[in-house]
Amino acid sequence: MKAVVIRTFGHPDGLDVVDLPAPVPAPGQVRIATEAIGVGGVDAVIRRGTLAGHGFRAGHLLGSEVAGSVTAVGEGVDASWTGRRVWAFTGLSGGYAEQVVAAVEDIVPLPDGLTGVDAVTLGGSGVVAHFALDRARFAPGEAVLVRGAAGSIGITAVQLAARGGAGAVAVTTSSAERGARLRDLGATHVLDRSGAGGPDAPSGFDVVIDVVGGDQLPLFLDRLNPNGRFVAVGVVGGQPPADFGMRLMSAFRKSLSFATFSSDTVPGPERQAVRSAQFADAARGDLRTVVHEVLPLDQAALAHRRMDAGEVFGRVVLAP
Ligand SMILES: NC(=O)c1ccc[n+]([C@@H]2O[C@H](COP(=O)([O-])OP(=O)(O)OC[C@H]3O[C@@H](n4cnc5c(N)ncnc54)[C@H](OP(=O)(O)O)[C@@H]3O)[C@@H](O)[C@H]2O)c1
């Protein structure tokens, strides 16, 4: 089968299209013939080498989420899965391939009316957006800032905050055109990447959902209201400065909270319940997915070049 692996970390040209044997489902797994493969920010972060300390090695087969049809089941898995269309989480590897394996507890049936492309745009990111707001104890009427809103996590977070009755939903983004698109999805105030702009934006935020991290993260800690909660869900802008915690300590009297959030810490059944509900919402048109472009699997490097060039609004999807 065709698959895409990292030959060299760093530039997208370090991705190679290779032939690999199709994986055999182990006990508890299913094999899926992919119809759509999500290209996530996490794939870019791994390919760039930002997570070098986490043990990723040359030859790594990228990709975390796919949609397709179950073609085989491993020992102990109900055979009735065979032939069903599903979304699947493959972990931090294995997705950029014509055939993938996934644990049966990491697959969700696709409702009628939801395309594989939409499923991989929402499946991983929607859950992050949901639980990040949940961990932030977001309540109706509060002012929310989504930092790095133009990706699929941010796009869903904006919609969920708006639908949850936020008093304001501010976003950071890099262009007025993106700002307009985010307004269409529910944003009420558009800031630039440094947090400037939006003259009528709230001066402080009760909740910040941050996909970006990086050098400027402390500036956004300063924007928290008293009792404000900051939830870091991504590092697309790199790691924050090592001493960023001092910013919280120097604002001690504001009772601020900083949390990281990884969906790995949500019990599987809870994740799957939220994902199924979001898939149903998307199939009904109550939650929008934003697909930037669908490219053939063997153009994964182009997909990554687009991400590195900052061209992607929403999600790029690969189709085998
Ligand atoms: N917490 C979890 O459980 C979980 C799960 C999956 C993934 N992740 C993480 O989430 C991140 C990917 O999320 P995503 O796919 O939604 O993001 P994304 O599409 O890669 O990026 C989101 C937006 O951030 C802005 N951005 C990019 N680089 C920036 C920079 N240097 N400074 C400021 N803004 C920048 C860009 O928008 P503008 O150009 O409009 O500013 C971009 O569209 C990764 O870090 C990944 O590891 C977390």
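What you see is a predicted model; the values in this text were computed from it and never measured.

J.: Break down the site of the ligand for me, with residues and values.
T.: Surrounding the ligand, one finds 31 residues, the nearest of these being Gly41, Gly148, Gly151, Gly234 and Gly237. Of all the elements in the fold, those that place two or more residues in the shell around the ligand are α1 (41–48), α2 (116–135) and α3 (152–163). Per-element tally for the shell around the ligand: the top contributor is α1, with 4 residues. Looking at the shell around the ligand residue by residue, the class counts come to 13 nonpolar, 16 polar and 2 charged. No fewer than three residues from each of domain 1 (2–109 + 290–319) and domain 2 (125–263) sit in the shell around the ligand.

J.: For the sheet that holds strand β9 (residues 168–172), give the residues involved together with the corresponding values.
T.: If you trace the 6 strands from one edge of the open sheet to the other, you get β10-β9-β8-β11-β12-β13, paired in parallel fashion. Each having just a single partner strand, β10 (189–191) and β13 (257–260) make up the two edges of the open sheet. Going from strand to strand, the sheet's axes swing by 15° on average, the running direction of each strand aside. In the sheet, strand β8 (residues 143–147) pairs with strand β11 (residues 205–210) via 4 bridges, with the strands oriented parallel. By the bridge assignment, Arg147 is partnered in β11 with Asp210.

J.: Go over the domain arrangement of the protein with me, naming the residues and quoting the values.
T.: The domain architecture assigned to the protein consists of domain 1 (2–109 + 290–319) and domain 2 (125–263). With 8 residues of domain 1 at the interface, the matching set in domain 2 holds 11 residues. Each residue belonging to the side of domain 1 that touches domain 2 can be placed in one class, and the counts come to 3 nonpolar, 4 polar and 1 charged.

J.: Explain the environment of Asp112 to me, using residue names and the numbers behind them.
T.: Its location among the elements puts Asp112 in the loop between β7 (107–109) and α2. For the pair Asp112 and Phe279, spaced 167 residues apart in sequence, the C-alpha separation works out to 9.8 Å.

J.: So what about the nonpolar core? Which residues, and what values?
T.: By size, the foremost hydrophobic cluster in this structure holds 94 residues, and its most contacted members are Ala132, Val144, Val146, Ala157, Val158, Ala161 and Ile209. If one sorts the elements of this core by residue count, α2 sits on top with 10 residues. Domain assignment of the residues forming this core places at least three in each of domain 1 (2–109 + 290–319) and domain 2 (125–263). Ignoring any residue separated from it by four or fewer positions in sequence, one finds Val146 in contact with Gly154, Ala157, Val158, Ala161, Val169, Val171 and Ile209.

Each value, and the rule that gives it
Residues numbered from 1 in each chain as written. Predicted model: local features only at pLDDT ≥ 70, side-chain atom pairs only at ≥ 80, totals over all residues. Near = placed C-beta within 6 Å. Helix = DSSP H or I, 4+ residues; strand = E, 2+ residues; numbered from the N terminus. Nonpolar A, V, L, I, M, F, W, Y, C, P; charged D, E, K, R; others polar. Domains from an automatic or database assignment. Pairing = 2+ DSSP bridges. Axes fitted to C-alpha atoms, helices over the stretch in contact; angles between N-to-C directions. Contact = placed C-beta atoms within 7 Å. Core = buried A, V, L, I, M, F, W, Y, C linked by C-beta atoms within 7 Å. Buried ≥ 20, exposed ≤ 12 C-beta atoms within 10 Å, placed from the backbone.

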